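Coordinate inspection notes
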Amino acid sequence: MIVALTGATGFLGASLVRELLERGHEVRALQRETSDNQFIYGLPIELRTIDLFDVDSLQRAFEGAQAVIHAAAEVPRSGHHTSRVMSVARDGTYNVLQACRRARVQRMVHVSTICTIGPGTIDHPACEGTPRPKWLDSIVYFRTKHMAELEVRGAMEAGLDAVIVNPAAMIGPYDSKLTTGRLISEIRNSKLTYGVPGGSCFADVADVAAGIVSAMQSGRKGESYILGGENIGFIDAMRRIADTVGGTAPEKMISARALLTGSRVLSLLGRSPVLSIDEMRIVAHEMYYCCDKAREELGYDCRPFEQSVARADQWYRENKIY
């Protein structure tokens, strides 16, 4: 099967390309003109340049492909760039959907995030049907991903054969911008003084990639699938990271209110806090999820947290990321 993949040069995209090749698919890796493709360059794939804001460009890239995986996204580093993040999520996804229809693509997979779904507790993690609370809209990235999902669901209702996947916080190789990897780096170098109060669902990027390809191949039309892993409080995660890669985990925890206040003060003083305001809001919450549906319907599996951390750390060191 020929599979066209947007976001092919990103953290998840690099693993997706390899998973698709391993399963025998032909990969049409789509990149923006400014993309850095060093982590997929040289692989037996077809590289094409696209413009997410040009439907004709996307249609040409999709023609002849049996499936499209839309994994392209703009992740904000701070509260700024809101318009760009929203445009990529909403308008870019709308254009991808239009191009899928025009190119008569047989199956489309939209890569979203678990945070378009309401979070659960450690004892009762959320599933695909958990209602989404309004406070999630205060986070730019979550709000834009929700908007993109609404576009996909509208296209599904109009007849498009599509599925949605909702990955957890990913850990692993090719995280060159240190997204979740920033936590590993800070612990390894003993730079964190205080822990944070919330928690998250952590998954290995290779396991998520495998889940996405399985969803493409056997996911039920119109369904969504959480691709998660271990639910871990941040304090516990920091200790387990330190035990795995070295460094020192903080023993004290800062309150959510102090966290947000400190970030705002630093911003007013013109200094860059370690975490943006949006990131502060995220880590102040417990956001736990269940991936039983993906296990049962897709054969999804996830490796232990420490193994994912060790894989990421090895890649960072080999590539001199830190």
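Relevant structure appears above.
Residues numbered from 1 in each chain as written. Predicted model: local features only at pLDDT ≥ 70, side-chain atom pairs only at ≥ 80, totals over all residues. Heavy atoms only, no water.

Moving on to the overall build of the protein chain. From N to C terminus, the protein chain includes 11 helices and 12 strands. A compact globule built from 322 residues should have a C-alpha radius of gyration of about 20 Å, and the protein chain, at 19 Å, falls within 12% of that. The C-alpha extent of the protein chain, read off along each of the three principal axes, is 55 × 40 × 40 Å. The buried share among the 322 residues of the protein chain stands at 52%. Accessible area for the protein chain stands at about 14300 Å²; split by element, carbon and sulfur atoms hold 48% of it. (Helix = DSSP H or I, 4+ residues; strand = E, 2+ residues; numbered from the N terminus. Rg over C-alpha atoms; globule rule 2.2 N^0.38 Å. Buried < 20%, exposed > 50% of the residue type's maximum accessible area, 1.4 Å probe, protein only. Areas by Shrake-Rupley, 256 points an atom, 1.4 Å probe, with all protein chains shown as cover.)

Once that is clear, we can look at the environment of isoleucine 139. Following the sequence through the fold, isoleucine 139 ends up in the loop between strand S5 (107–111) and helix H4 (140–157). Looking at isoleucine 139, the relative accessible area reads 1%, which means it is buried. Considering only alpha carbons, one finds isoleucine 139 and alanine 61, 78 residues apart in sequence, at a separation of 32 Å. Other than its neighbours up to four places away in sequence, isoleucine 139 contacts Asp278, Arg281 and Ile282. (Contact = heavy atoms within 4.5 Å.)

Bringing the packing of aromatic side chains into the picture now. Aromatic rings considered in pairs are described by the distance between their centres and by the relative angle of their planes. Taken as a whole and judged by the stated rule, the model has eight aromatic pairs. Taking the centre distance of 6.3 Å and the plane angle of 85 degrees together, the rings of phenylalanine 202 and phenylalanine 234 count as edge-to-face. On the criterion of sequence distance, the pair formed by phenylalanine 202 in strand S9 (residues 199–204) and phenylalanine 234 in helix H7 (residues 234–245) is long-range, its members being 32 residues apart. The exposure class assigned to phenylalanine 202 is buried, which follows from its relative accessible area of 8%. (Phe/Tyr/Trp six-rings, centres within 6.5 Å; stacked < 30°, edge-to-face > 60°.)

Of all eight residues that make up helix H2 (residues 55–62), six are buried, and the element is covered over most of its length. Regarding H2, the residues found buried are Val55, Ser57, Leu58, Gln59, Ala61 and Phe62. Residues of H2 that are buried sit in contact with strand S1 (2–6), strand S2 (26–31), strand S3 (46–49), strand S4 (67–70) and helix H3 (82–102). Where H2 begins, the side chain of aspartate 54 points an oxygen toward the backbone nitrogen of aspartate 56, at a separation of 3.0 Å. Immediately beyond the C-terminal end of H2, within one or two residues, lies glycine 64, with a positive phi of roughly 90 degrees. (Polar contact = N/O pair within 3.5 Å; in protein donor to acceptor, adjacent residues only side chain to side chain.)

Membership of the largest hydrophobic core comes to 72 residues, with the highest contact counts inside it found for Leu12, Leu16, Ile69, Ile212 and Tyr289. When residues in this core are grouped by element, the largest group, seven residues, is from helix H6 (residues 205–218). In contact with leucine 16, other than residues within four places in its own chain, are Leu5, Ile69, Ala71, Ala209, Ile212 and Val213. (Core = buried A, V, L, I, M, F, W, Y, C linked by side-chain atoms within 4.5 Å.)

Spatially, the seven strands line up as an open sheet ordered S3-S2-S1-S4-S5-S6-S10, and their pairing is parallel. Edge strands, defined here as strands with exactly one partner in the open sheet, are S3 and strand S10 (224–227). Strand-to-strand twist of the sheet, defined as the mean angle between neighbouring strand axes without regard to direction, takes the value 20 degrees. Relative to S4, S1 runs parallel, the two being bridged by four bridges. Considered in S4, the bridge of leucine 5 is made with isoleucine 69. (Pairing = 2+ DSSP bridges. Axes fitted to C-alpha atoms, helices over the stretch in contact; angles between N-to-C directions.)

Quick look at the environment of proline 197 now. The residue proline 197 is located in the loop between strand S8 (194–195) and S9 in this model. Accessibility expressed as a relative area gives 24% for proline 197, which makes it partly exposed. Along the sequence, proline 197 and isoleucine 139 sit 58 residues apart, while their C-alpha atoms lie 18 Å from each other.

Turning our eyes to something else, we now look at the sheet that holds strand S7 (residues 169–171). Strand order in this open sheet of three strands is S7-S9-S11, and the pairing throughout is mixed. Edge positions in the sheet fall to S7 and strand S11 (230–233), since each has one partner strand and no second. Mean inter-strand twist for the sheet, computed between neighbouring axes without regard to direction, equals 45 degrees. Across three bridges, the pairing between S7 and S9 is parallel. Within S9, the position partnered with methionine 170 by the bridge is alanine 203.

Any functional reading would require information beyond the geometric quantities listed.
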